[in-house]
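A look at the structure
Spelled out, the chains give:
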Amino acid sequence: MAVKGMKLSSVCLLLLYLISTVLGGRDFYKILGVSKSASIKDIKKAYRKLALQLHPDRNQDDPHAQDKFADLGAAYEVLSDQEKRKQYDTYGEDGLKEGHHGSHGDIFSSFFGDFGFMFGGNRQTANRDIPRGNDIILDLEVTLEEVYSGNFVEVVRNKPVSKEAPGKRKCNCRQEMRTTQLGPGRFQMTQEVVCDECPNIKLVNEERTLEVEIEQGVRDDMEYPFIGEGEPHIDGEPGDLRFRIKVLKHPVFERRGDDLYTNVTISLVEALVGFQMEISHLDGHKVNIVRDKITKPGARLQKKGEGLPNFDNNNIRGSLIVTFDVDFPKEQLDDQQKDGISQLLKQASSQKVYNGLQGY
Amino acid sequence: MQAVIMGQLRVISVLLDFILLSAMCAGRDVDSSYVTCGSLVKLMNTRHSVRLHSHDVKYGSGSGQQSVTGVDSADDANSYWRIRENPNGICQRGEPIRCNQAIRITHLKTGRNLHSHHFSSPLSNNQEVSAFGENGQGDDLDVWAVQCSGIFWERDDAVRFKHVGTEVFLSITGEQYGHPIRGQREVHGMSLPNHHNYWKVMEGVFIQPSNDPVQHDEL
């Protein structure tokens, strides 16, 4: 009896679940692969990663590629907007007022540029013959905190765009030699400028927002290209806009590859007796350090996994290497203290004379 | 009597709340209309409709440094300048520039800073304006103050640039060069503020302020 009851209730539950998923619309969180409490940064990062993977041009043999890509665009459009996300969380996809505005193309372009579907960042060799506008390479300063946790930089790109205009214009102008006859047997060679006729183009300023991702573990001089967002060329294609990462110096941590180096000055007592301390890391979490032995000046301590995430695999982290130096007391000791210390440390008088420079 | 005062106070507090709220809202929307530190811009002189420009061509007179001109074209990458903090200053990426703030204006392609000094300009005998330095490092004569009304430099504003070292204004009065930079206008410094020294940002890459990477969004 109990078994039958259970079967029935589980079937009912299954039916309810199916109905709710059908009625409720798509699960945008699942499509993006993020949790319900994901931050806007997590959502942008997930979109950017999946957009590269799911783009139909990259999945030409998948019949569902267009649908999956459209789902991704819809998911991002809703979850990246505070208002729409609130509505979606409460009422599901059907509860969203008004249909989806803005093509997925716009969203994709803000992450990758106008011609973002040309993958690999390199133009196809066939396009070498088409003249290109200038590229713009812009340094983007990033902090070590951003390298550790990742971030997005929004940028408004205002650029001239070629638009058709009425009439014709002269293009492909070149110098040609013309021969004119001055008289019988007398000719003159002159240089003339000869142009073709092309459709008229005018330049109109347009604006769009671009999202530049600072990926975790990004290294100095790495570039993030936005295809087609450079300068226009009146007879050809626009150039690219490339952001070149420049990692700023940090007051506490020094980066070497994926490892982080830092220095700590401790007191003489702590060096001899031991101590416990916390170091605030780049994302605010605390790294605990406990010493119960004597710490020599110059001593190094390695904390595995507390370095930077590796750019190619964010799950691998470097180490944090802490170098200690010791602060000696600034005030001179009086005779009583001197006696006391000699008693405590029980060291015989010892002076070793040696060549410390050895050629350096 | 007391009731009347309370009533009035209530009205005032509601009004204040409204003003505060709308100011906050306005503040949010207007963020992307500021010129921010680190942004790349083209600057157009509003009187002569030419863009501030530089290139690897040196003055034939005066200091002999790299020349700065005004050009008609809107699609030349050599007209891009980077807005940067003054030497020894700090600027947060994406932080809006304040009116009267001292900045450096660095030419993107050549890495030289907009600069002026006591040399005469070649065509009009005003003060020469050149591009100076290497990799964005020059000297104290690279510093300019943005003059605008209001608190921040807004993208729609026509502003003046006052040279901090010699107190002249970045100007164009229309004199044109011949070969090899035919048609380009002379850019120079003038001591009097007038309608020749207004500039407006046009095309560019305007960096917005970022969130703290460790911020947790409140929903």
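Fair warning: this is a prediction, and the values are worked out from it, not measured in the lab.

Before going further, it helps to spend a moment on the overall build of chain B. Helix and strand counts for chain B stand at 1 helix and 13 strands. Every one of the 219 residues in chain B was classed for burial, and the buried ones make up 47%. Of all intrachain contacts in chain B linking residues separated by at least 6 positions in sequence, the fraction that spans at least 24 positions is 64%.

As a further point, take empty space enclosed by the protein. Residue and element names in this part refer to chain A. All told, the structure shown has 1 cavity of 30 Å³ or more when counted by the stated rule. Roughly 30 Å³ of internal volume is contained in the largest cavity. Every residue lining the largest cavity is listed: Arg 48, Phe 111, Phe 112, Glu 211, Val 212, Glu 213, Tyr 224, Pro 225 and Phe 226. Elements with a minimum of two residues in the lining of the largest cavity: α6 (104-112), β3 (186-214) and β4 (223-226).

On the secondary structure map, Gln 208 of chain B appears in the segment after β13 (199-207). Within the structure, Gln 208 of chain B has its side chain in polar contact with the backbone oxygen of Phe 206 of chain B (distance 3.2 Å).

Looking now at the packing of helix α4 (residues 65-79) of chain A against α6 of chain A. Residue and element names in this part refer to chain A. Contact geometry for α4 and α6: axes closest at 9 Å, N-to-C directions at 75 degrees. Judged by the inter-axis angle, α4 sits roughly perpendicular to α6. Counted together, Phe 69, Ala 70, Leu 72, Gly 73, Tyr 76 and Glu 77 of α4 and His 104, Ile 107, Phe 108 and Phe 111 of α6 form the full contact between these two elements. A class-by-class count of the residues in the contact of α4 with α6 yields 7 nonpolar, 2 polar and 1 charged.

The subject of this paragraph is the pattern of salt bridges. Residues and elements named next belong to chain A. Applying the stated criterion across every chain yields a total of 33 salt bridges over all chains. Residues Lys 44 and Glu 211 are paired through a salt bridge, measuring 2.9 Å at the closest nitrogen-oxygen approach. Highlighted residues: Lys 44 in helix α3 (residues 40-54) and Glu 211 in strand β3, separated in sequence by 167 residues. A relative accessible area of 6% means that Glu 211 is categorised as buried.

Before going further, it helps to spend a moment on the interface of chain B and chain A. Listed as interface residues are 27 residues of chain B and, on the opposing side, 37 residues of chain A. Roughly 2,500 Å² of surface becomes buried between chain B and chain A when both sides are summed, with 54% attributable to carbon and sulfur atoms. At the junction of chain B and chain A, the tally comes to 3 salt bridges. A salt bridge links Glu 207 of chain A to Arg 155 of chain B; its shortest N-O distance comes to 2.3 Å. At the junction of chain B and chain A, the tally comes to 13 residue pairs in polar contact (both at pLDDT 80 or more).

Residues and elements named next belong to chain B. When pLDDT is averaged across chain B, the result is 87; 83% of the residues are at 70 or more. In this model residues 20-30 is a low-confidence stretch, pLDDT under 50, and it forms 0 contacts with partners more than four residues away in sequence or in other chains. Here the predicted complex scores 0.79 on pTM and 0.81 on ipTM.

Residue and element names in this part refer to chain A. A sheet is described by the order of its strands in space; here 4 strands give the open sequence β6-β7-β11-β10, paired in mixed fashion. A strand with exactly one partner marks an edge of an open sheet, and here the two such strands are β6 (254-256) and β10 (300-303). Neighbouring strand axes in the sheet, compared pairwise and without regard to direction, differ in orientation by 30 degrees on average.

By definition, a disulfide links two cysteine residues through a covalent bond between their sulfur atoms. Residues and elements named next belong to chain B. Under the definition given, this model contains 2 disulfides over all chains. Residue pairing for Cys 37: its cysteine sulfur links by disulfide to Cys 91, the two sulfurs lying 1.9 Å apart. Residues Cys 37 and Cys 91 share a disulfide whose torsion about the S-S bond is about -90 degrees; that sign makes it left-handed. Here Cys 37, found in the loop between α1 (2-30) and β1 (40-45), pairs with Cys 91, found in the loop between β4 (81-85) and β5 (102-107); they are 54 residues apart in sequence, far enough to count as distant. Regarding the disulfides, chain B carries the connectivity 1-2, 3-4 under sequence-order numbering of its bonded cysteines.

Let us now look at the packing of aromatic side chains. Enumeration according to the criterion identifies 13 aromatic pairs over all chains in this entry. Measuring from centroid to centroid gives 5.6 Å for Phe 275 of chain A and Phe 324 of chain A, while their planes differ by 70 degrees, and the two rings are edge-to-face. One end of the pair, Phe 275 of chain A, is in strand β8 (residues 275-280); the other, Phe 324 of chain A, is in strand β11 (residues 320-327), with 49 residues separating them in the sequence. Overall, the relative accessible area of 8% leaves Phe 275 of chain A in the buried class. Owing to a relative accessible area of 2%, Phe 324 of chain A belongs among the buried residues under this scheme. Among the aromatic residues, those joined into a ring-pair cluster are Tyr 47, Phe 69, Tyr 76, Phe 108, Phe 111, Phe 112 and Phe 152 of chain A. When the ring centre of Phe 206 of chain B is taken as origin, the NZ or CZ atom of Arg 155 of chain B, which lies over that ring, is 4.1 Å away. Over the face of the ring belonging to Phe 169 of chain B we find Arg 160 of chain B, whose NZ or CZ atom lies 5.9 Å from the ring centre.

Turning to the nonpolar core, a few remarks are in order. If you look at the biggest cluster of nonpolar residues, it comprises 41 residues, and the most contacted ones within it are Leu 140, Phe 243, Ile 279, Ile 289, Val 322 and Phe 324 of chain A. Counting residues in hydrophobic clusters, the runner-up holds 32 residues, among them Val 41, Tyr 59, Ala 131 and Val 159 of chain B.

Thresholds applied
- Residues numbered from 1 in each chain as written.
- Chains lettered and ligands numbered in written order.
- Predicted model: local features only at pLDDT ≥ 70, side-chain atom pairs only at ≥ 80, totals over all residues.
- Heavy atoms only, no water.
- Helix = DSSP H or I, 4+ residues; strand = E, 2+ residues; numbered from the N terminus.
- Buried < 20%, exposed > 50% of the residue type's maximum accessible area, 1.4 Å probe, protein only.
- Contact = heavy atoms within 4.5 Å.
- 1 Å grid on protein atoms, 1.4 Å probe; cavity = no way out; pocket = protein on both sides within 12 Å on 5 of 7 lines; lining within 4 Å.
- Points joined across faces, edges and corners; volume = space filled by probe spheres on them.
- Polar contact = N/O pair within 3.5 Å; in protein donor to acceptor, adjacent residues only side chain to side chain.
- Axes fitted to C-alpha atoms, helices over the stretch in contact; angles between N-to-C directions.
- Parallel < 35°, antiparallel > 145°, perpendicular 65-115°, else oblique.
- Nonpolar A, V, L, I, M, F, W, Y, C, P; charged D, E, K, R; others polar.
- Salt bridge = Lys/Arg side-chain N within 4 Å of Asp/Glu carboxyl O.
- Buried area = accessible area lost by both parts, 1.4 Å probe.
- pLDDT = per-residue confidence, 0-100.
- Pairing = 2+ DSSP bridges.
- Disulfide = S-S within 2.5 Å.
- Phe/Tyr/Trp six-rings, centres within 6.5 Å; stacked < 30°, edge-to-face > 60°.
- Lys NZ or Arg CZ within 6 Å of the ring centre and 35° of its normal.
- Core = buried A, V, L, I, M, F, W, Y, C linked by side-chain atoms within 4.5 Å.

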